Every structure is written in C-alpha cells, then in structure tokens.
Amino acid sequence: MNQALIRGWCPGARRPMRSGDGLILRLRISGGRLAPEPARAIAGIARHHGNGELDLGRRGGLQLRGVREGDFSAVEAELAALGLLDADEGAEAVRNVVASPLSDLDETARGDAFALAKQMEAALVADESLRLLPGKFGFSIDDGGRFGLTGVSADIRLRLMQDGVAVSLGGDSQGILIRTEDAVAGALRLAHAFLDLASRIDPPPRRMAALVRHVGAEAIFAAAGLGRESVMLVPRSDVAPLIGAFPTHVGVGLPFGRLSADQLHLLADLSASNLRLTPFRAVLLPGVSVSVLPRLAKAGLITQPDDPLLAVAACPGAPACGSAITETRGLARRLAALKPDAHGTWLHVSGCEKGCASSAAHAVTLVGRDGGLDLVLDGRPTDPPRHAGLSPEAVEALFRSGTFEK
Ligand code: SF4
C-alpha cells in the first residue's frame with residue numbers, strides 16, 4: 001500500500017486514498033453493471049472492513065469508505081475472489097470508461113454501449129503505453145438513446161449513431177463519424193495523439209479539453225490519422241428521467257451519491273438482474289415493478305423525481321474528509337428544504353475549493369474557506385465570492401431572506 005497512500009490521488013481498489021474516515025477504495029465496475037451476488041458481497045465488505053458506507057461517484061465508480069488500514073489486504077483478497085480487482089494499479093487506472101446504463105433495454109438506443117465499453121476496457125488494459133495517461137483521463141460511450149451521457153465528464157466521447165459512431169473530444173460539440181468496428185481503435189489512437197501533443201506543451205495539459213484549447217480538435221484528429229474532412233456536428237441528447245418506475249426499470253436516487261451497505265444489500269435483493277450504476281447519483285433496477293418503490297423509499301433512497309435533494313450537490317465535507325474546512329451535507333439538506341420546487345442542480349456545498357461533488361457552475365455555490373463559508377453566485381468554488389466568511393447560521397438566514405445582495 002505504501003506509496004499508494006498519497007493524498008489527492010484518484011483512488012482505486014489497488015490504490016486507496018486516505019481520508020478523514022479511513023481508506024477510500026474506488027471500484028471500477030465494468031460497464032457499470034453489478035450482479036446481485038457481488039453487490040451483496042461488496043455490502044458485506046463495507047460492513048466488516050469499512051464504516052458501512054459507500055459513494056457512487058460522478059463516473060459511476062463505487063467507493064468503499066472508512067476501510068481500516070489493517071484490513072486492506074483482506075479487502076483486496078475478497079475483491080479478487082469476486083473478480084473485481086485489476087491485475088495491477090496501472091490497469092485499474094487506465095480502465096476509465098463510462099457507458100449508457102440501459103442500452104440493452106432502451107428501444108431508442110442505437111446499439112450496445114455495454115459491449116463496446118467492454119471492448120474498450122480490454123483494449124486500454126492491453127496497451128501498456130497508455131498508462132501514461134493522466135489519472136482522470138476517461139472515455140464515455142453514449143448509446144445515442146434516451147439515457148445518454150450529456151454532462152458526464154469525459155476526454156474522448158463516443159456516441160452510437162444510425163450510421164456509425166460519432167467521436168468528439170472533451171466537451172467539444174464537433175466530432176467525426178467513424179465505422180462502429182473502428183471505434184475502439186480510433187479512440188485509442190486519439191489517446192496516443194493526446195499523449196504526443198500534450199508532451200510538447202509546457203506544462204502538459206492534463207485533460208483533452210485543455211489540449212483542444214491549445215491546438216484545436218482538428219489537429220488532434222489529424223495526429224490520430226482521423227481525417228478532418230469527416231468533421232460533423234454531434235447532436236446533444238438530454239438525459240431521460242431516471243428516478244421512479246418506468247417500463248425499462250425502477251430507478252432510485254442516492255442522497256449526495258451516498259449509499260449504505262444495507263441499502264446496497266436491499267437493492268441487490270430486489271433486483272431481477274444486474275444493478276446499473278450510473279454517473280447521475282442513481283442506481284437502476286431493470287425489469288423490476290413499481291411495487292418495490294415503497295420499500296426503497298422506506299430504506300432512505302430517493303424514489304420521487306422531484307425530491308429536493310436531487311437538486312443539491314455536496315461533497316462528504318467534515319469530518320469525513322481531512323481537507324474539509326466545514327460540514328456540508330447537513331447544511332445542504334436544510335437549504336434544499338427551503339427550495340422544494342427546484343429543478344436542476346441549483347446548489348453546490350463544497351467543504352473546500354477542490355469541488356469534488358461538482359465541476360460545473362451552479363446558481364449558488366458555498367465553499368469552505370478560512371474557517372467559514374464563502375458564497376459564490378453563478379460560479380464554481382474557485383470563483384470570487386459575493387459573501388465571505390459566513391457561518392452556517394448566517395448562510396441559512398441569507399437563504400431565508402431571499403436575497404444574496406449585500
Ligand atoms: S471538496 Fe469536499 S471531499 Fe473534496 S477535498 Fe474538499 S472537502 Fe474533501
């Protein structure tokens with residue numbers, strides 16, 4: 001474990017990160033599909049070796065929290081027995097692929113995003129030279145249907161289309177169309193082009209969006225041998241509602257992405273097939289009827305699409321995170337209750353400037369700094385605040401007053 005325990009590193013199962021409540025181990029569940037039996041086993045690991053809590057990350061990774069350092073070897077052995085441990089840290093880190101969750105059930109999907117994700121994972125692991133990619137560098141595979149991946153952070157984005165796969169870079173809305181059978185090889189060539197072009201810049205960009213700002217998307221496609229003549233506009237698709245009961249699935253939201261071991265166990269027990277872990281703080285149960293919703297709600301999971309908690313983001317904060325300046329989620333809950341009819345994520349409460357819960361700008365962002373809370377309007381945690389050094393009580397008073405003007 002030794003050098004693996006470096007604060008600020010993206011945690012993995014092979015490479016844990018130390019936090020205020022113990023070790024964090026992030027499991028990259030292949031294709032985002034988790035069968036009931038390993039889900040129950042993970043719940044058991046969380047209970048016996050951790051603090052009984054898990055997080056569903058913004059790329060669909062499942063994090064065990066509060067794992068005791070002395071239990072790390074036992075946890076690794078149990079994960080290996082479940083087939084959930086990569087061969088080494090490098091393989092785990094590079095296997096950073098998120099896919100649309102329901103491409104096998106959604107009739108609007110253009111193809112099998114899961115199968116493509118599995119191919120992509122295998123190709124990434126096999127190409128050792130790609131282990132030089134930065135830790136957060138990732139791939140997304142959007143099935144082109146109702147359950148797209150709009151808003152999910154990715155460096156190389158594939159979207160299944162009627163007549164091939166659209167490939168785009170970072171958050172770019174321009175892309176190229178390639179044949180489906182060439183999609184994985186094309187994505188890997190783009191990853192190599194990123195490494196090559198980024199290495200010529202000082203300091204090297206760490207994400208594709210930054211490289212696009214430096215050299216432009218066309219230069220990157222050209223470096224990958226993917227011709228500029230095929231450049232096309234990639235249409236955006238909105239994410240369909242996930243929470244509640246639908247013909248394809250029952251979906252539950254996780255308050256702040258947090259899931260207890262007991263809740264995970266319940267989801268596994270109620271699931272008719274693989275759980276679908278999404279990058280939207282939601283878990284989907286395919287083929288399950290509406291009758292399970294009351295049990296899920298009683299267990300503390302979000303079952304109503306208009307629940308105010310879905311409209312706020314908050315990182316673990318203090319005391320769970322050692323970097324946190326302030327408590328976050330209790331305050332976020334209280335503030336969410338003040339705006340019960342909100343749509344979209346309007347509030348982000350961040351325990352420090354790092355902004356782990358969201359990289360987007362929000363109408364209101366509260367960030368722990370210098371022992372108090374700074375309030376940013378229409379921005380991110382690092383943006384200049386409208387108010388600084390507030391106590392939680394002062395923040396609540398401001399929200400109740402209905403105005404953030406000084
Ligand atoms: S944003 Fe939150 S979780 Fe991330 S480092 Fe800061 S306090 Fe910790």
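These numbers come from a predicted model, not from an experiment.

1. Quick notes on the overall build of the chain
Now for step 1: From N to C terminus, the chain includes 11 helices and 21 strands.
Now for step 2: Taken against the 2.2 N^0.38 rule, which gives 22 Å for 406 residues, the C-alpha radius of gyration of the chain at 21 Å falls within 12% of a compact globule.
Now for step 3: Principal-axis analysis of the C-alpha atoms gives the chain an extent of 55 × 50 × 45 Å.
Now for step 4: Put simply, the chain has 406 residues, and 54% of those count as buried.
Now for step 5: Restricting to contacts in the chain with at least 6 residues of sequence separation, those with at least 24 account for 61%.
Now for step 6: Positive and negative side-chain charges of the chain, numbering 44 and 45 respectively, have mean locations separated by a distance of 2 Å.

2. Here's the deal with the site of the ligand
Now for step 1: Taken together, C315, P316, C321, S323, A324, S350, G351, C352, K354, G355 and C356 are the residues near the ligand.
Now for step 2: Looking at the shell around the ligand residue by residue, the classes come out as six nonpolar, four polar and one charged.

3. Quick notes on the sheet that holds strand β16 (residues 282–286)
Now for step 1: Spatial ordering of the open sheet is given by β3-β15-β16-β13-β12, a layout of five strands whose pairing is antiparallel. Looking along the sheet, the strands with just one partner apiece sit at the ends: β3 (33–34) and β12 (244–245).

4. Section: the packing of aromatic side chains
Now for step 1: Taken as a whole, this structure holds three aromatic pairs when the rule is applied.
Now for step 2: When the centroid spacing of 5.8 Å and the interplanar angle of 70° are considered together, the rings of F137 and F139 count as edge-to-face.
Now for step 3: What makes F139 buried here is its relative accessible area of 1%.
Now for step 4: Here F137 falls in the buried class, since its relative accessible area comes to 2%.
Now for step 5: Ring pairing ties together the aromatic residues F137, F139 and F194, which thus form one cluster.
Now for step 6: Across from the ring centre of F114, 4.0 Å away, lies the NZ or CZ of R33, which sits over that ring.

5. What about the sheet that holds strand β17 (residues 312–314)?
Now for step 1: In space, the five strands of this open sheet follow the order β17-β18-β19-β20-β21, with mixed pairing throughout. A strand with exactly one partner marks an edge of an open sheet, and here the two such strands are β17 and β21 (387–390). Direction aside, neighbouring strands of the sheet carry axes that sit 20° apart on average.
Now for step 2: In the sheet, strand β20 (residues 372–379) pairs with β21 via two bridges, with the strands oriented antiparallel.

6. As for the environment of L347
Now for step 1: With respect to the helices and strands, L347 occurs in strand β18 (residues 347–350).
Now for step 2: With 294 residues separating them along the chain, L347 and E53 place their C-alpha atoms 24 Å apart.
Now for step 3: Not counting residues within four places of it along the chain, the set of residues in contact with L347 comprises A311, V312, A313, L335, V364, L366 and F399.

7. What to know about empty space enclosed by the protein
In this approach the atoms are scanned with a rolling probe the size of a water molecule, which exposes any empty space left behind.
Now for step 1: For the coordinates displayed, the defined rule picks out two cavities of 30 Å³ or more.
Now for step 2: Looking at the largest cavity, its volume works out to about 80 Å³.
Now for step 3: Lining the largest cavity, in full, are C10, P11, G12, R15, R26, R28, E89, E92, A93 and G135.
Now for step 4: Here the element with the most residues in the lining of the largest cavity is helix α3 (residues 89–94); it accounts for three residues.
Now for step 5: Classifying every residue of the lining of the largest cavity gives three nonpolar, two polar and five charged.
Now for step 6: Looking at which domains feed residues into the lining of the largest cavity, each of domain 1 (3–80 + 240–298) and domain 2 (92–232) supplies at least three.

8. Side note on helix α6 (residues 208–215)
Now for step 1: For α6, the set of buried residues is M208, A210, L211 and V212.
Now for step 2: Contact partners of the buried residues in α6: β8 (156–161), β9 (164–169), α5 (183–198) and α7 (217–223).
Now for step 3: Two residues or fewer after α6 comes G216, characterised by a positive phi angle close to 85°.

9. Digging into the domain arrangement of the chain
Now for step 1: Each domain of the chain was delimited in the assignment, giving domain 1 (3–80 + 240–298), domain 2 (92–232) and domain 3 (308–401).
Now for step 2: When each unit is reduced to the centre of its C-alpha atoms, the spacing between domain 1 and domain 3 is 24 Å.
Now for step 3: Contacts between domain 1 and domain 3 engage 14 residues on the former and 21 residues on the latter.
Now for step 4: Of all residues in domain 1, the largest losses of buried area upon contact with domain 3 belong to R58, F256 and R281, amounting jointly to 53% of the total for that side.
Now for step 5: Inspection of the region where domain 1 meets domain 3 yields zero salt bridges.
Now for step 6: Taken together, the links from domain 1 to domain 3 amount to seven residue pairs in polar contact (both at pLDDT 80 or more).
Now for step 7: Per-class residue counts for the side of domain 1 that touches domain 3 are three nonpolar, four polar and seven charged.

10. Let's talk about unusual backbone geometry
Note on backbone geometry: most residues besides glycine have negative phi, and most peptide bonds are trans.
Now for step 1: Going from D202 to P203, the amide bond is cis rather than trans, its omega being -5°.
Now for step 2: Counting through the fold element by element, P203 comes out in the loop between α5 and α6.
Now for step 3: A cis amide bond links A318 to the next residue, P319, at an omega of 0°.
Now for step 4: Although it is not a glycine, R281 adopts a positive phi angle of roughly 55°.
Now for step 5: Its place among the elements puts R281 in the loop between β15 (275–277) and β16.
Now for step 6: Residue D378 is not a glycine yet carries a positive backbone phi of 50°.
Now for step 7: Residue position: D378 is located in strand β20.

Each value, and the rule that gives it
Residues numbered from 1 in each chain as written. Predicted model: local features only at pLDDT ≥ 70, side-chain atom pairs only at ≥ 80, totals over all residues. Heavy atoms only, no water. Helix = DSSP H or I, 4+ residues; strand = E, 2+ residues; numbered from the N terminus. Rg over C-alpha atoms; globule rule 2.2 N^0.38 Å. Buried < 20%, exposed > 50% of the residue type's maximum accessible area, 1.4 Å probe, protein only. Contact = heavy atoms within 4.5 Å. Lys, Arg positive; Asp, Glu negative; His and termini not counted. Charge placed at Lys NZ, Arg CZ, Asp CG, Glu CD. Near = heavy atom within 4 Å. Nonpolar A, V, L, I, M, F, W, Y, C, P; charged D, E, K, R; others polar. Pairing = 2+ DSSP bridges. Phe/Tyr/Trp six-rings, centres within 6.5 Å; stacked < 30°, edge-to-face > 60°. Lys NZ or Arg CZ within 6 Å of the ring centre and 35° of its normal. Axes fitted to C-alpha atoms, helices over the stretch in contact; angles between N-to-C directions. 1 Å grid on protein atoms, 1.4 Å probe; cavity = no way out; pocket = protein on both sides within 12 Å on 5 of 7 lines; lining within 4 Å. Points joined across faces, edges and corners; volume = space filled by probe spheres on them. Domains from an automatic or database assignment. Buried area = accessible area lost by both parts, 1.4 Å probe. Salt bridge = Lys/Arg side-chain N within 4 Å of Asp/Glu carboxyl O. Polar contact = N/O pair within 3.5 Å; in protein donor to acceptor, adjacent residues only side chain to side chain.

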